[in-house]
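Read off the chains here:
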Amino acid sequence: MSAPAIELRDVRKSFGATEIIRGVNLGIARGERHAVIGPNGAGKTTLFNLISGRFPISSGTITVNGKSTAGLPPQEINRLGLSRSFQITSIFPRLTVFENIRCGLLWSRGYRYSFWHLLGGQKTLNAEADRLLERLKLRDRRDLPAGLLSYAEQRALEIGITIAGGADIILLDEPTAGMSHSETEAAVELIRGVSEGKTLVMVEHDMSVVFGLADRITVLVYGEVIASDTPAAIRGNAAVQEAYLGTIAA
Amino acid sequence: MSLLRRNWLWLLALGVLLAFPFLFYDWAKGRHSGFALTLMSEIGVMAIFALSFNMLMGQAGLLSFGHAVLFGLGAYCAAHVVNLVKAGTIWLPTELVPLAGGLGGLFFGFVLGWLATKQRGTAFAMITLGLGELVSAAALMFMGFFGGEGGITIDRVMDTSLLGVRYTSPWQVYCLVLAWAFIAAALMRLQTQTPLGRMANAARDNFERAQFVGYDPRRVRWMQFTLAGFFAGIGGGLYVLIYEIVTFDTVSAAKSANALLAVYIGGAGGFFGPILGTIVVVLLQSGVSLLSNAWLLYVGVLFIVMVMYAPVGLAGLIGLHAPIWRAGRLRDLVLPYLRALPPALMILLGFVLLVELTSFTTIGAAQGKHFAIAGRTIDTTSPLPWGIAVAALGAGALWLRREARAFRLRWDALMEDAKKQAGAS
């Protein structure tokens, strides 16, 4: 097996005097669907922000696809093949749904900062964006400003933007938060489909989603990993029961 | 052929603009009105300027208070190039002088943009404000490049025309302005449809998201700024050809404010809003300023009214009618509009009368002018005209409120219908 998709070695992060991430070691294998769970304030989102380069780490090392991300801005980590979504929906509200997806595609298709290509004439690119819209079931919303979509549709669009560039590592931060039961089911199906053959890491509170999707689960409590194992092992883990699951499952 | 069909509006506009000066043509003397042509040339130049400003403001969400710097420096570059051509040092066709201005704007956009685009939002606005003041101050210090208070003068009549035109008449200059205005506008329009233009929108909406799809938002801002500089510089180059002089006014904060006014009044949301805004602002500036001392006040009030009540601008207001137009119900709005017209005119009349009465008791009196309407001198010290003004303003306001309520109901009903109709089809 080649190098893990993501590897964290003794990663620490402090905001002022408060240490939020307290020495995390974690390897996420290629092609794995990995869930990060833990109580509120455990540092799950912070961990995502560190991996994706939104915040710099205080100490330790993170490698993405075998390359250290030290000092890299988010866009360069993205170019290493890592893409993420946000807990609070992050789309381009004034652009149309189609434009949102196309913006997700542009860099990976080599357009860079071009001001000499006319987007209307890029047939392959546009067809690709339309195919993805079909997959997201947003076809009939194509030309609507993204800000006008319903909440669940915006969440789906965000997943679309995240995967559009074809990154092989996808980080999803609470993709089903705030969704109804049926919306959650649809989202899970979507995530299952789009993460096929890729490495998926997600923060999720809905345990049915976690145990339904994940190959491995990492439990983060107060900035430390207390367990990282298969779903079955996590379910039977006493420390996890005590720290976290027990409070829900009891 | 499809190119023709898609761009018929541009061609129509070009035709209208070419024909328009003939409305002011003096057939007896067989010559154009210099005033009308200069006014229209000014509109052309300022439209390029406002559009390039909107590449930052509307497209990239960057509010610049120093955009005239790029316009003015482009103008200075063009002026020096013309003088070099005149001196025989270099060769350049007259028609390409605006391009020299554009390259000047591009260069300064690149250099100053490197600094300005390190930040966005308020910090960006403050940096551009600082750069504007910096260049304004420099304009009076570096005599060689800026020519001090007197500026740089040129003689646009060169023998290097590609078309064999000497540009001795305002009509010839106007045609050149028109050609460049169309080229610049078309290029700026196309730029909105490129990856860079689209990512400028994206970074405007959500710069962090732009980063996480692989783009460096700062680089996007910088390139957008540089290109905006290019187009502003083209405007500057044309400015030099029209007026044959460039002074530090062209880099001043007042000039920057002009672009901002035009874009806000016309609307930053769409592509064509700034052109509309430019027409209004230039007409107020060059037309109303001949009639009234208080023209700047009118510009200011219009600006405030637009920002407060119609932040989408004139183009945005027109755009709001689109659903009703598509439903084919626009004619149902004619009557409500006509009914709102008299009270609106009354308010306007009352307001203008009040402003002019005030202006004539202060500035006018100092200048020894008399306030005259239709040849009759109005006594600004008598209470009658003041009473009329206040009454017109007050009554008009009350009347308009009533009509506005009726208008609103009609509008909402039409919108509702239009929505249903669109949903059904």
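All chains use their own residue numbering, which begins from 1 and follows the written sequence. To label them, take the chains in the order written and letter them from A, then take the ligands in the order written and number them from 1. Only residues with pLDDT of at least 70 are given local features in this predicted model, and only at 80 or more are side-chain atom pairs given and counted; all residues enter the totals for whole chains, interfaces and linings. Hydrogens and waters are ignored; side-chain quantities use all the structure's heavy atoms.

Chemist: I'm lost on the overall build of chain A in this one. Help?
Modeler: The helix and strand labels rest on DSSP assignments: H or I over at least four residues marks a helix, E over at least two residues marks a strand, and numbering proceeds from the N terminus. Each helix and strand counted, chain A has nine helices and 10 strands in total. Using C-alpha atoms as the atom set, the radius of gyration is obtained and then compared with a globule rule of 2.2 Å times the number of residues to the power 0.38. The globule rule puts the C-alpha radius of gyration for 250 residues at 18 Å, and the 18 Å found for chain A is close to it. Seen through its C-alpha atoms, chain A measures out along the principal axes to roughly 55 × 40 × 40 Å. Within chain A, buried positions represent 51% of all 250 residues. Categorising residues by exposure relies on relative accessible area from a 1.4 Å probe, with only protein chains included: less than 20% of the type maximum marks a residue as buried, more than 50% marks it as exposed, and the intermediate range marks it as partly exposed.

Chemist: Please explain the pairing of strand 4 (residues 59-64) of chain A as it appears in this structure.
Modeler: Regular strands have side chains that alternate between both faces of the sheet. Residue and element names in this part refer to chain A. Bridge analysis of strand 1 (residues 6-15) against strand 4 gives five bridges, and the strand direction is antiparallel. When the sheet's bridge partners are listed, Ile-6 is paired in strand 4 with Val-64. As defined by bridge partners, strand 4 adjoins strand 5 (residues 67-68) across two bridges and the pair is classed as antiparallel. Bridged to Thr-63 within strand 5 is Ser-68. Strand pairing follows a simple DSSP-based rule, namely that at least 2 bridges must link the two strands. In sequence, strand 4 turns back onto strand 5 through a hairpin of two residues, with Asn-65 there showing a positive phi of about 50 degrees.

Chemist: Help me understand the layout of surface pockets in this model?
Modeler: One simple way to see leftover space: roll a probe sized like a water molecule over the atoms. All names here are of chain B. When its volume is computed, the second largest pocket comes out at roughly 1,500 Å³. Lining the second largest pocket are 30 residues, and of these Val-305, Met-306, Leu-317, Ala-344 and Leu-400 lie nearest its centre. Breaking the lining of the second largest pocket down by element, the ones donating at least two residues are helix 13 (273-291), helix 14 (295-309), helix 15 (313-320), helix 17 (334-367) and helix 18 (383-424). The element contributing the most residues to the lining of the second largest pocket is helix 17, with nine residues. Cavity means a closed set of points on a 1 Å grid over the protein atoms alone, one where a 1.4 Å probe fits but cannot get out, pocket means an open set with protein on both sides within 12 Å along at least 5 of 7 lines, and lining means a residue has an atom within 4 Å of a point. Grid points are joined across faces, edges and corners, and a volume is the space filled by probe spheres set on the points.

Chemist: I tried to follow the interface of chain B and chain A on my own but got confused; where do I start?
Modeler: For an interface, size is often stated in terms of accessible area lost upon the parts coming together. The interface of chain B with chain A comprises 25 residues on the first partner and 34 residues on the second. Residues adjacent in sequence count toward polar contacts only when both atoms are side-chain atoms; beyond that, a polar contact is any pair of N or O atoms within 3.5 Å, and within protein one must be able to donate a hydrogen and the other to accept it. The tally of links between chain B and chain A comes to 18 residue pairs in polar contact (both at pLDDT 80 or more). Mapped by element, the contributors of at least two residues to the side of chain B that touches chain A are helix 9 (195-205), helix 10 (207-212) and helix 11 (217-243) of chain B. A per-element tally of the side of chain B that touches chain A places helix 9 of chain B first, with eight residues. Amino acid classes used here: Ala, Val, Leu, Ile, Met, Phe, Trp, Tyr, Cys and Pro are nonpolar; Asp, Glu, Lys and Arg are charged; the rest, including Gly, are polar. Of the residues belonging to the side of chain B that touches chain A, the class tally is 12 nonpolar, six polar and seven charged. By definition, residues are in contact when any of their heavy atoms lie within 4.5 Å.

Chemist: Any chance you could explain the side chain of Asn201(B) here in plain terms?
Modeler: Within the fold, Asn201(B) resides in helix 9. Judged by relative accessible area, which is 5%, Asn201(B) ranks as buried. Asn201(B) has contacts with Leu95(A) and Gln59(B), leaving out every residue within four places of it along the chain.

Chemist: So what exactly am I meant to see when it comes to the sheet that holds strand 5 of chain A here?
Modeler: Hydrogen bonds between backbone groups are what pair the strands of a sheet, and the pairing can be parallel or antiparallel. Residues and elements named next belong to chain A. On the basis of which strands lie adjacent, the open sheet formed by four strands has the order 2-1-4-5 and antiparallel pairing. The open sheet has two edge strands with one neighbour each: strand 2 (18-28) and strand 5. Looking at chain direction, strand 1 and strand 2 are connected through eight bridges and run antiparallel. Looking at strand 2, one finds that Lys-13 is bridged to Ile-21.

Chemist: Mind showing me how you'd approach the packing of aromatic side chains here?
Modeler: Aromatic ring pairs are described here by two measures, namely the spacing of the ring centres and the angle between the planes. Aromatic rings from Phe, Tyr and Trp, taking only the six-membered ring of Trp, are treated as a pair when their centres fall within 6.5 Å; an angle between ring planes under 30 degrees marks them as stacked, one over 60 as edge-to-face, and anything in between as tilted. A full pass over the atoms with the stated rule returns 29 aromatic pairs over all chains. Ring centres of Phe20(B) and Phe24(B) lie 5.8 Å apart, and the angle between their planes is 65 degrees; on these two criteria the pair is classed as edge-to-face. Exposure remark for Phe20(B): the relative accessible area of 34% places this residue in the partly exposed category. Feature note: the residues Phe22(B), Tyr25(B), Trp27(B), Trp171(B) and Tyr174(B) constitute an aromatic cluster, connected by ring pairs. Placement of a charge over a ring requires the Lys NZ or Arg CZ to be within 6 Å of the ring centre, with the centre-to-atom vector within 35 degrees of the ring normal. Over the ring of Phe86(A) we find Arg84(A), and its NZ or CZ is 4.2 Å from the ring centre. Sitting above the plane of the Phe212(B) ring, Arg84(A) keeps its charged end 5.5 Å from the centroid.

Chemist: I keep staring at the domain arrangement of chain B and nothing clicks. Help me out?
Modeler: Residues and elements named next belong to chain B. Taken domain by domain, chain B holds domain 1 (24-310) and domain 2 (321-424). Domain boundaries shown here were taken from an automatic or database domain assignment. Placing a centre on the C-alpha atoms of domain 1 and another on those of domain 2 gives a separation of 33 Å. Residue-level contacts link six residues of domain 1 with nine residues of domain 2. Both faces combined, the contact of domain 1 with domain 2 buries some 530 Å², and carbon together with sulfur accounts for 57% of it. For this document, the term salt bridge refers to a Lys or Arg side-chain nitrogen within 4 Å of an Asp or Glu carboxyl oxygen. At the boundary of domain 1 and domain 2, one finds zero salt bridges. Applying the counting criterion to the domain 1 and domain 2 interface returns three residue pairs in polar contact (both at pLDDT 80 or more). By buried area we mean how much accessible surface two parts lose on assembly, using a 1.4 Å probe and totalling the loss over both.

Chemist: Help me out: how do you make sense of the sheet that holds strand 10 (residues 224-229) of chain A in this one?
Modeler: Residues and elements named next belong to chain A. The six strands lie next to each other as 6-7-8-3-9-10, forming an open sheet whose pairing is mixed. The open sheet has two free edges, formed respectively by strand 6 (82-84) and strand 10, since each of these has just one partner strand. Across the sheet, the mean angle separating the axes of adjacent strands is 15 degrees when strand polarity is ignored. Alignment of strand 7 (residues 169-173) against strand 8 (residues 199-203), held across five bridges, turns out to be parallel. Note on strand 8: the bridge partner recorded for Leu-172 is Met-202. Angles shown run from 0 to 180 degrees and are taken between the N-to-C directions of axes, each axis being a line fitted to C-alpha atoms and, for helices, limited to the stretch in contact. Against the sheet, helix 1 (residues 44-51) touches strand 3 (33-37), strand 6, strand 7, strand 8 and strand 9 (216-221), its axis set at about 145 degrees to strand 7. Strand contacts of helix 5 (residues 151-164): strand 6 and strand 7, with the helix running at about 155 degrees to strand 7, the strand carrying the most contacts.

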